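Listed below, chain by chain, are the residues.
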Amino acid sequence: MPGHSTVGTNSLDAAAAFYDKLLAVFGIGRVLVQPDRAVYYGHMALEFGVIKPFNGERATVGNGNMVAFEARTRAQVREAHAVALANGGSDDGAPGPRGDNADGPYCAYFRDPEGNKFLVYRKGPDEA
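Just so we're clear, the structure is a prediction, and the values are computed from it rather than from any experiment.

Peer 1: Go over the packing of helix H1 (residues 12-24) against helix H2 (residues 74-86) with me, naming the residues and quoting the values.
Peer 2: Between H1 and H2, the shortest axis-to-axis distance is 9 Å and the interhelical angle comes to 160 degrees. As the angle between them shows, H1 and H2 are arranged roughly antiparallel. For the pair H1 and H2, the sense of crossing is right-handed. Between H1 and H2, the residues in contact are Phe18, Lys21 and Leu22 and Ala80, Val83 and Ala84, respectively.

Right, dumping it as structure tokens:
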């Protein structure tokens, strides 16, 4: 079970502005800021972060890497995807059901402004 996930950035201020808006869809805000180094998000504990690489090298997108966020509802999947695109992200798979089973997961894929890939999904019925 992962403790938290991070993605790298070359522009911390721009990345933080993007993630402030995106993660607000899930009710998640900043829990720790390390000036000019990292911004971490979570409900009460650190769950996700955007960081400048520790080695000082340029941040790059990993081929095959992806971070997934579980949504409470299908509407939240659609909202997160729309917020990502409205704030500089790019579409990598429109919201909708995936797989052969109509009851399968409802997913949307996007990339942040620096190319990191994300999945937002709802598996099973919407939460009440």
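Having seen the structure, we can now continue with the description.
Peer 1: Give a description of the nonpolar core that names residues and reports values.
Peer 2: Grouped together as the largest cluster of nonpolar side chains are 27 residues, with contacts concentrated most on Tyr19, Phe26, Tyr41, Phe48 and Phe69. For this core, the elements supplying multiple residues, two or more each, are H1, strand E3 (38-42), strand E4 (48-51), strand E5 (67-70), H2, strand E7 (106-111) and strand E8 (117-122). In terms of residues, this core owes the most to one element, H1, which gives seven residues. Discounting residues that sit within four places of it in the chain, phenylalanine 69 has contacts with Leu22, Leu23, Phe26, Phe48, Phe118, Leu119, Val120 and Tyr121.

Peer 1: I'd like a rundown of the pairing of strand E2 (residues 29-34), residues and numbers included.
Peer 2: Of the pairings in the sheet, the one linking E2 to E3 comprises five bridges and is antiparallel in character. Across the sheet, arginine 30 pairs through a bridge with tyrosine 41, a residue of E3. Adjacent in sequence and paired antiparallel, E2 and E3 are bridged by three residues, among which aspartate 36 carries a positive phi angle near 60 degrees.

Peer 1: An account of the environment of glutamate 114 is requested, with residue identities and associated values reported.
Peer 2: In this fold, glutamate 114 is placed in the loop between E7 and E8. The partly exposed category is assigned to glutamate 114, whose relative accessible area is 30%. Sequence separation of glutamate 114 and threonine 9 is 105 residues, and the distance between their C-alpha atoms is 7.1 Å. Ignoring any residue separated from it by four or fewer positions in sequence, one finds glutamate 114 in contact with Gly8, Thr9, Asn10, Ser11, Ala15 and Val61. Engagement of the side chain of glutamate 114 in a polar contact is seen with the side chain of threonine 9, the distance being 2.3 Å.

Peer 1: I'd love a proper account of the side chain of asparagine 116, names of residues and values included.
Peer 2: Structurally, asparagine 116 can be placed in the loop between E7 and E8. Classification of asparagine 116 by relative accessible area gives buried; the value is 10%.

Peer 1: Could you give me a rundown of unusual backbone geometry, with the residues and numbers involved?
Peer 2: Positive phi is not limited to glycine here, since aspartate 36 has a value of about 60 degrees. Among the structural elements, aspartate 36 can be located in the loop between E2 and E3.

Peer 1: Provide a residue-level description of the packing of aromatic side chains, including the pertinent values.
Peer 2: Taken as a whole and judged by the stated rule, the model has eight aromatic pairs. Between tyrosine 19 and phenylalanine 118 the ring centres are 5.9 Å apart and the planes differ by 55 degrees, which places this aromatic pair in the tilted class. Here tyrosine 19, found in helix H1, pairs with phenylalanine 118, found in strand E8; they are 99 residues apart in sequence, far enough to count as distant. In this pair, the class of tyrosine 19 matches that of phenylalanine 118, namely buried. Ring centres of phenylalanine 26 and phenylalanine 69 lie 5.7 Å apart, and the angle between their planes is 45 degrees; this geometry places the pair in the tilted category. Taken together, the residues phenylalanine 26 in the loop between H1 and E2 and phenylalanine 69 in strand E5 connect sequence positions 43 residues apart. For phenylalanine 69, a relative accessible area of 12% gives the class buried.

Rules behind the numbers
- In this numbering scheme, every chain counts its residues from 1 along its sequence in written order.
- Totals for whole chains, interfaces and linings use every residue, but because this is a predicted model, local features are given only for residues with pLDDT of at least 70 and side-chain atom pairs only at 80 or more, for both listing and counting.
- For side-chain calculations, the full set of non-hydrogen atoms in the structure is used, while hydrogens and water are omitted.
- Angles shown run from 0 to 180 degrees and are taken between the N-to-C directions of axes, each axis being a line fitted to C-alpha atoms and, for helices, limited to the stretch in contact.
- Helix numbers and strand numbers start at the N terminus; a helix is a DSSP run of H or I with at least 4 residues, a strand a run of E with at least 2.
- Throughout, the term roughly parallel applies to angles under 35 degrees, roughly antiparallel to angles over 145, roughly perpendicular to angles from 65 to 115, and oblique to all others.
- By convention, the crossing between two helices is left-handed when the near helix turns anticlockwise from the far helix through less than a right angle, and right-handed when the turn is clockwise.
- When checking whether two residues touch, look at their non-hydrogen atoms; a contact exists if any pair is within 4.5 Å.
- Among buried residues, those of type Ala, Val, Leu, Ile, Met, Phe, Trp, Tyr and Cys that are joined through side-chain atoms within 4.5 Å constitute a nonpolar core.
- Only protein chains enter the accessibility calculation, which uses a 1.4 Å probe; a residue whose area is less than 20% of its type maximum is buried, one above 50% is exposed, and one in between is partly exposed.
- Two strands pair under a simple rule: DSSP has to find at least two bridges between them.
- Any N or O atom pair separated by 3.5 Å or less is treated as a polar contact, with the protein-specific requirement of one donor-capable and one acceptor-capable atom, and with residues adjacent in sequence counted only for side-chain atom pairs.
- Whether two aromatic rings pair depends on their centres lying within 6.5 Å, for rings of Phe, Tyr and Trp, where Trp uses its six-membered ring; planes under 30 degrees apart make the pair stacked, over 60 edge-to-face, and the rest tilted.

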